[in-house]
Amino acid sequence: MSKINNIVDIIEAGIRAESLRQKTIANNVANLDTPGYRKVDVKFKELLAKALDSSEDVDLSEVEAQIYQPKKTEVKSNGNDVSLEVEVGEMVKNTLHHKTYIRLLQKKYRQIELAINVK
Amino acid sequence: MEVNTGFGPIDIAISGLRAQDKNIKLISSNVANAQSTDNGNGEPYRRLEAVFKTDGDGIGGVSLDEIAPDMSDFMKILKPGHPDADEQGYVTMPNVNLPIEMMNLNAAARTYQANTAILKRYQEMVETTLELLK
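Residues numbered from 1 in each chain as written. Chains lettered and ligands numbered in written order. Predicted model: local features only at pLDDT ≥ 70, side-chain atom pairs only at ≥ 80, totals over all residues.

**Focus on helix 1 (residues 7–30) of chain A**
Residue and element names in this part refer to chain A.
Okay, step 1: For helix 1, spanning 24 residues, the distance from its first C-alpha to its last is 35 Å, which sits close to the expected 34 Å at 1.5 Å a residue.
Okay, step 2: Taken together, the buried positions of helix 1 are A13, G14, A17, E18, R21, I25 and N28.
Okay, step 3: Residues of helix 1 that are buried sit in contact with strand 1 (41–43), helix 2 (45–53) and helix 3 (84–117). (Helix = DSSP H or I, 4+ residues; strand = E, 2+ residues; numbered from the N terminus. Expected span 1.5 Å × (residues − 1). Buried ≥ 20, exposed ≤ 12 C-beta atoms within 10 Å, placed from the backbone. Contact = placed C-beta atoms within 7 Å.)

See below:
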């Protein structure tokens, strides 16, 4: 990591990815019985790892999550590959990630506040 | 550098839910076809059974390995007027045993429930950890 990344930037990128993922999950669940619908997912982990690895200066606020179709999931007889169980699991994970990011952000702000208040 | 976001137990519990969901599908197929004397190939419906296997070696989720037909004998009942009856008037019935299916359904539903319990409890555990950040 060449650049000292601001933790707030990392958390912000994470929160943006989580809200995008929440949208894709909602979309998948809404299309649970739509014939021929293929589920969509969000790619972020890999992109973040690449950004953190790269030797150049990367602006984490520009790391954008991407939507893609996994195409490896089991397809039902109507050509649809959404599994309610999987989506529920994704949502639980997403919620926990989101909570973690928010708590970290909260903690960070509290630290800054503490520094300001030192007399 | 790897960004690890592992929530292992959640994926394992979800694999359990999916496996039991398919198991319940098989059981309902067995129950629905308990009286089907014709499967399209001149045989009555043959009972299906789910075979599960562990994903990966050691700690891992579960997946449906195969759907195995139950090769036990068909039951014959006397019903001379039935279109599928043989010369002696016997009709070959499916090898589905309803009480056994009900028992399997109970077991499958309980396993499904247990997996949701794991999911919920793990979620609570992570939330407890997050309390430390408060």
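**Here's the deal with the packing of helix 1 of chain A against helix 3 of chain A**
Residues and elements named next belong to chain A.
Okay, step 1: One can describe the packing of helix 1 onto helix 3 by two numbers: an axis separation of 9 Å at closest approach and a directional angle of 155°. When the axes of helix 1 and helix 3 are compared, the pair comes out roughly antiparallel. As for the relative orientation of helix 1 and helix 3, their crossing is left-handed in sense. Where helix 1 abuts helix 3, its residues I7, V8, I11, G14, I15, E18, R21, Q22, I25, N28 and V29 lie against E87, E90, M91, N94, H97, H98, Y101, L104, L105 and K108. (Axes fitted to C-alpha atoms, helices over the stretch in contact; angles between N-to-C directions. Parallel < 35°, antiparallel > 145°, perpendicular 65-115°, else oblique. Left-handed = near helix turned anticlockwise from the far one by under 90°.)

**Things to note about the interface of chain B and chain A**
Okay, step 1: Counting residues at the interface gives 17 residues for chain B, matched by 18 residues for chain A.
Okay, step 2: Of all elements in the fold, only helix 1 (8–32) and helix 2 (98–131) of chain B reach the threshold of two or more residues within the side of chain B that touches chain A.
Okay, step 3: For the side of chain B that touches chain A, the per-class residue count stands at ten nonpolar, two polar and five charged. (Nonpolar A, V, L, I, M, F, W, Y, C, P; charged D, E, K, R; others polar.)

**Notes on the packing of helix 3 of chain A against helix 1 of chain B**
Angle between the axes and distance between the axes are the two parameters that describe a pair of packed helices.
Okay, step 1: Interhelical geometry of helix 3 of chain A versus helix 1 of chain B gives an angle of 165° and a closest axis separation of 9 Å. Between helix 3 of chain A and helix 1 of chain B, the angle is such that the two are roughly antiparallel. Once helix 3 of chain A is placed against helix 1 of chain B, the crossing between them reads as right-handed. Contacts from A:E85, A:V86, A:G89, A:V92 and A:K93 in helix 3 of chain A reach B:I10, B:D11, B:I14, B:L17, B:R18 and B:D21 in helix 1 of chain B.
Okay, step 2: Residue classes in the contact of helix 3 of chain A with helix 1 of chain B are distributed as five nonpolar, one polar and five charged.

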